[in-house]
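In case you want the letters, here they are:
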Amino acid sequence: MKPNAKDSSWEMNLPAFSATPKHRQYDVVIIGGATMGACTAWFLASNPDFKGKVLVVEPDPTFSKAQTGASNNCMRQQFANPINVKIGQYAAEFVRNFRANLGGDPTVPELSIRNFGYLYLSDNADLTKVLQRDQSVQEECGAGTTMVTADQIATNYPFYKLDDIEAGSLNTEDEGYYNAPLMVEWLIKKSIELGVDYVQSSVTAIGREGNKVTSVTLATGEVIEAGDIVNASGTRAGIVADMAGLKLDIQPKRRYTFIFKAKEPLDRDLPLTIDPTGVHFRQFGDNYLVGCPPLGEDATVDVEDFSAEETIWEDKVHPIVSNRIPQFKDVEVIDFWMGHYDFNPFDFNVVIGPHDEVSNFHFTNGSSGHGSQQGPAVGRGVAEQIIYGEFRSMDLSPFLYERFAKGERVIERAVI
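Residues numbered from 1 in each chain as written. Predicted model: local features only at pLDDT ≥ 70, side-chain atom pairs only at ≥ 80, totals over all residues. Heavy atoms only, no water.

**Student:** Can you help me understand the overall build of the chain in this one?
**Tutor:** Each helix and strand in the chain was counted, giving 11 helices and 18 strands. The C-alpha atoms of the chain give a radius of gyration of 21 Å, which matches the 22 Å a tight globule of 416 residues would have. For the chain, the C-alpha atoms occupy an extent of roughly 65 × 45 × 40 Å along the three principal directions. Looking at the 416 residues of the chain, the share that counts as buried comes to 59%. (Helix = DSSP H or I, 4+ residues; strand = E, 2+ residues; numbered from the N terminus. Rg over C-alpha atoms; globule rule 2.2 N^0.38 Å. Buried < 20%, exposed > 50% of the residue type's maximum accessible area, 1.4 Å probe, protein only.)

**Student:** Just to check I follow, could you spell out the confidence of the model for the chain for this structure?
**Tutor:** Atom-level detail of predicted coordinates should not be read off regions where pLDDT is low. When pLDDT is averaged along the chain, the result is 93; 96% of the residues meet or exceed 70. Per-residue pLDDT stays below 50 along residues 1-9; that stretch engages in 29 contacts with residues further than four places along the chain or on separate chains. (pLDDT = per-residue confidence, 0-100. Contact = heavy atoms within 4.5 Å.)

**Student:** Just checking my understanding: could you explain the nonpolar core for this structure?
**Tutor:** Side chains that are nonpolar tend, in soluble globular proteins, to be buried together. With 55 residues, the main nonpolar core has Ile30, Phe94, Phe98, Met183 and Leu187 as its most contacted residues. Of all the elements in the fold, those that place two or more residues in this core are strand E1 (25-31), helix H1 (35-45), strand E2 (54-58), helix H3 (82-96), helix H7 (180-193) and helix H10 (371-388). Looking at this core, the element that brings in the most residues is H1, giving 8 residues. Apart from the residues lying within four places of it in its own chain, the contact partners of Phe94 are Trp42, Phe43, Asn101, Leu102, Met183, Leu187 and Pro376. One finds Phe159, Leu170, Phe258 and Phe260 within the second-largest nonpolar core, a separate group that totals 29 residues. (Core = buried A, V, L, I, M, F, W, Y, C linked by side-chain atoms within 4.5 Å.)

**Student:** Sorry if this is basic, but what is going on with the layout of surface pockets here?
**Tutor:** One water molecule sets the probe size; rolling that probe over the atoms shows where empty space is left. By volume, the second largest pocket amounts to about 400 Å³. Lining of the second largest pocket is provided by 24 residues; of these, Tyr120, Ile274, Arg413, Ala414 and Val415 occupy positions nearest its centre. Elements represented by at least two residues in the lining of the second largest pocket include exactly strand E4 (118-122) and helix H5 (125-140). Broken down by element, the lining of the second largest pocket gets its largest block of residues, 6 residues, from H5. Of the residues belonging to the lining of the second largest pocket, the class tally is 13 nonpolar, 7 polar and 4 charged. (1 Å grid on protein atoms, 1.4 Å probe; cavity = no way out; pocket = protein on both sides within 12 Å on 5 of 7 lines; lining within 4 Å. Points joined across faces, edges and corners; volume = space filled by probe spheres on them. Nonpolar A, V, L, I, M, F, W, Y, C, P; charged D, E, K, R; others polar.)

**Student:** I tried to follow the side chain of Gln77 on my own but got confused; where do I start?
**Tutor:** Considering the arrangement of structural elements, one finds Gln77 in the loop between strand E3 (74-75) and H3. Note on Gln77: relative accessible area 3%, which makes it buried. Reaching out from Gln77, the side chain makes a polar contact with the backbone oxygen of Gly88 at a distance of 3.3 Å. Beyond its immediate sequence surroundings of up to four residues, Gln77 is in contact with Val85, Gly88, Gln89, Ala92, Gln138, Ala143, Asn171, Glu173, Asp174 and Glu175. (Polar contact = N/O pair within 3.5 Å; in protein donor to acceptor, adjacent residues only side chain to side chain.)

**Student:** Explain the sheet that holds strand E6 (residues 167-171) here, please?
**Tutor:** Adjacent strands of a sheet pair through backbone hydrogen bonds, lying either parallel or antiparallel. Reading across from one edge, E5-E6-E4-E13-E14-E15-E12-E16 is the order of the 8 strands in this open sheet, with mixed pairing throughout. Each having just a single partner strand, strand E5 (146-149) and strand E16 (331-343) make up the two edges of the open sheet. Mean inter-strand twist for the sheet, computed between neighbouring axes without regard to direction, equals 20 degrees. (Pairing = 2+ DSSP bridges. Axes fitted to C-alpha atoms, helices over the stretch in contact; angles between N-to-C directions.)

**Student:** Please clarify how the packing of aromatic side chains should be interpreted in this entry.
**Tutor:** Under the counting rule described, the total for this entry stands at 21 aromatic pairs. Centroid distance Phe260 to Trp313: 6.0 Å. Interplanar angle 55 degrees. Geometry classified as tilted. Of this pair, Phe260 sits in strand E12 (residues 251-262) while Trp313 is found in helix H9 (residues 312-324), placing the two residues 53 residues apart along the sequence. The two residues Phe260 and Trp313 agree in class, both being buried. Through a chain of ring-to-ring contacts, three or more aromatic side chains come together here, namely Tyr256, Phe258, Phe260, Tyr288, Trp313, Phe328 and Phe336. A cation over a ring is seen here: Arg76 above Phe79, with NZ or CZ 4.1 Å from the ring centre. A cation over a ring is seen here: Lys189 above Trp186, with NZ or CZ 4.3 Å from the ring centre. (Phe/Tyr/Trp six-rings, centres within 6.5 Å; stacked < 30°, edge-to-face > 60°. Lys NZ or Arg CZ within 6 Å of the ring centre and 35° of its normal.)

**Student:** Looking at this structure, I do not really get unusual backbone geometry. What am I missing?
**Tutor:** What is expected of a backbone is that most residues other than glycine have negative phi and most peptide bonds are trans. With a phi close to 55 degrees, Asp174 is a non-glycine residue in the positive phi region. Relative to the helices and strands, Asp174 is located in the loop between E6 and strand E7 (176-177). With a phi close to 65 degrees, Phe348 is a non-glycine residue in the positive phi region.

**Student:** Just checking my understanding: could you explain H5 for this structure?
**Tutor:** In an α-helix there are 3.6 residues to a turn, and that puts residues three or four apart on one side. With 16 residues, H5 extends 23 Å from end C-alpha to end C-alpha; this agrees with the ideal 22 Å at 1.5 Å per step. Three or more residues of H5 are buried, namely Thr128, Leu131, Asp134, Gln135, Val137 and Gln138. Check the buried side of H5 and you find it contacts H3, E4, E5 and E6. Near the N-terminus of H5, the side chain that reaches the backbone nitrogen of Asp126, with its oxygen 3.1 Å away, is that of Asn124. Just downstream of H5 lies Gly142, where phi reads positive at about 90 degrees. (Expected span 1.5 Å × (residues − 1).)

Shown next as structure tokens:
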């Protein structure tokens, strides 16, 4: 079930995908057509230096079980690692100037960011030091994050219960909600106009000769020759890598989302508030959204396991939300869903670009919950690697696959 609220448009209006590819050979085959795949396809097709043919293989054009379909559509720069701050800043620019970035076609919608902001709350000195350190990193990158005291929070947002809170970090500039599914919809539409082929199918095998991948086999049995292959398959990324004889540890993790209506709504927008417990909540149209990890251990689940813990609202979510905002004691849940993060346990960051040995197999995986906003930078970076053999717009080299072999972790602490 998907929500129906004024700041969300979840149903995509996409053209029908073909049942079979038009060609038997493509310069680039992208496995997965959601955010990462759509971004990569568009940046390839729109680059005047790229003259090749692109095929995107996607089994479910509704994206009902993809992270794109379950996304909470958030935008922020409050990260611990400078490169993630810059990726977030580029995402904000890409969204704010979406029509212009897609060539100025007046049929392309203007997108915007609803800047209710992000507010991280700290209930102890150690966490406050972490937020202060991260705020310094963000400030150096030009982000508008500031440290705020409990009194300052109370002045600006008097609905919080702050007895246990000593500080927070807040940014209301290019941080909040945007319509990620609408972005993906139009990236797909414009890519198709530029000649990209989208086919509704699954990849069942990948051909490889030595240190080159050569083809994909579709569920229909068709073998499609490929110059380059891009793994944009979300939580199935490890399965797809394995088809090519490669290793990639991407773990699906449950993440819950609830939409609720308050009997007494707040008198101003609710920032996306990250409680010290890890539960986070924000404005959602005239209602509210809350997201959280599962009860108990944050275990890896099967990619097809979308079962939910029946008592998580009563046992975890509502007690935390109503404690932090007493006005939320009397609420009505009006929607609920559970999706998966594509979690990279190595360092909680995206894996991008070519494999260090199989150089025509490319990754866009493991964004650990940040895929909607990281898609534009990652898609552009992968397209540049395919076209030029290097990153040109933004140096994403710390996220290359080769860091696994080198043991070079690029840790991102600010994972919700």
